[in-house]
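A look at the structure
Chain residues, written in single-letter form:
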Amino acid sequence: MKEQEEIEKTASVILKLSNTIAIAVVLLLITFLVLIFDVHLPEKKTTDIKPPQADSNGLFTESAREEFKQKLVNAQFWHAPDFSEIENENKKDLIAYGKDLIVNTSLYFGETGTVFAKSTNGLNCQNCHLEAGTKVFGNNYGSVASTYPKYRARSGEIENLYKRVNDCFERSLNGKSLDTNSKEMQAISAYIQWIGKDVEKGKKAAGSGLKDISFLDRAAEPALGNKVYAEKCQSCHQKDGSGLMNADKTAFTYPPLWGPKSYNDGAGLFRLSNFAKYVKYNMPLGASHTSAQLSDEEAWDVAAYVNSQTRPEKDISKDWPNIEEKPFDHPFGPFSDGFDEHQHKYGPFKAIIAKKTSQTQKS
Ligand code: HEC
Ligand code: HEC
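Residues numbered from 1 in each chain as written. Chains lettered and ligands numbered in written order. Predicted model: local features only at pLDDT ≥ 70, side-chain atom pairs only at ≥ 80, totals over all residues.

**Remarks on unusual backbone geometry**
- The peptide bond linking Tyr148 to Pro149 adopts the cis configuration, its omega dihedral lying at -5 degrees.
- Along the chain, the position of Pro149 falls in the loop between α7 (144–147) and β1 (150–152).
- Between Gly347 and Pro348 the backbone carries a cis peptide bond, its omega angle lying at 0 degrees.
- One non-glycine residue, Asn139, lies in the positive phi region at around 60 degrees.
- Inspection of the secondary structure puts Asn139 in the loop between α6 (130–133) and α7. (Helix = DSSP H or I, 4+ residues; strand = E, 2+ residues; numbered from the N terminus.)

**Things to note about the site of ligand 2**
- The immediate surroundings of ligand 2 are formed by 24 residues, with Cys233, Cys236, Pro255, Met283 and Pro284 found nearest.
- Counting residues per element, the ones that place at least two in the shell around ligand 2 are α5 (125–128), α11 (234–237), α12 (272–282) and α13 (296–306).
- The class makeup of the residues in the shell around ligand 2 is 18 nonpolar, 5 polar and 1 charged.
- When residues of the shell around ligand 2 are sorted by domain, at least three fall in each of domain 3 (83–195) and domain 4 (222–362). (Near = placed C-beta within 6 Å. Nonpolar A, V, L, I, M, F, W, Y, C, P; charged D, E, K, R; others polar. Domains from an automatic or database assignment.)

**Some thoughts on the site of ligand 1**
- Near ligand 1, the surroundings consist of 25 residues, among which Cys125, Cys128, Cys168, Ser172 and Gly268 are the closest.
- When contributions to the shell around ligand 1 are tallied by element, the ones reaching two or more residues are α5, α8 (161–170) and α9 (183–195).
- Here the shell around ligand 1 gets 4 residues from one element, more than from any other, and that element is α8.
- Among the residues forming the shell around ligand 1, the class breakdown is 15 nonpolar, 9 polar and 1 charged.
- Two domains each donate at least three residues to the shell around ligand 1, and these are domain 3 (83–195) and domain 4 (222–362).

Next comes the structure, spelled out in structure tokens:
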């Protein structure tokens, strides 16, 4: 009898033990799979997005459908974190101030700016970094926190975020740089660092910056761009490219594209490829990467037209200390590749790029 009990006891212990072992083995296997095959669980399921609301007739309007589609597409791309995540009140205030400086730059640094009047051309950072630098392919800041500090060939130096922000102040805003220790620089940096905080260090987030467009086989043509401009841009940016200010003259409603209040010739948008990519997926106002309004040709040609007009000049003699590192569409010589300034400004670019690639492969 006792023996029988003993056996049953041992059997149940063995059973329990083998169960535990089986569970442990399965857990171990899963850990292995994740580690070896780099299996990732999706962070945000597209099914988290609520379907559109039907109208009173039980139908989905065209705009509701469109909005839903847009949300599904955008879910595949980087998006800024939620403000409510920030727990520390001081940090929250600083980041909110940074965002406001990017949205309403002119109110602080423009004609009647409250921090430093007339120290810029009156543009807002947001004019070019749309939706406070969060719009998918709207020249957003998604990959800034993850990639800075980094080497930039334009200066030939490792640049930190302060330097990069001041680059846009001096070039895109044709103005004065900020003191690194100023509250404004600290706030702008805090905001940019915060919105990119979830992107893995060294990686570029999907949908960040600008979206590539294809190259033309010919040079971009200002005369063709003039037509595009008249049809699709002039109504807002004005015939003379000088834009339109708001009623109390504190900021631009439609920012200028050339002339004394525009970006200078050392700015990012003065490179034809940047302009064409920005415009293709963001202009006329309301266009996006899922609803482009311009063909690639129109984008290149209107870029050529706008960037052939007069604008402020910047002394950029210290830029690109190593001329071999000049990008294919940097429009100022000297060059090491034998192509002239005209081709570096307007294209065709394929030959320049092909030569660049073969040079770097040889060296
Ligand atoms: C006239 C348009 C324009 C305005 C206004 C502008 N920027 Fe930029 N900015 C650009 C372009 C174009 C680039 C990308 C340039 C390139 O890659 O060569 C850029 C790049 C940047 C980058 C680096 C982005 C990256 O992914 O590496 C930062 C940071 C930045 N800008 C901050 C600012 C801030 C802050 C302001 C306002 C003070 C500002 N910009 C205003 C056009 C502009
Ligand atoms: C319906 C009005 C409208 C039309 C049409 C329009 N834009 Fe814009 N554009 C804007 C506004 C507004 C901004 C600033 C966006 C913001 O701050 O959110 C802007 C910004 C820009 C910028 C960056 C800021 C600057 O001043 O350098 C460029 C470049 C630009 N537009 C080019 C074009 C081109 C080229 C076309 C025609 C293909 C065009 N836009 C058509 C309203 C318009």
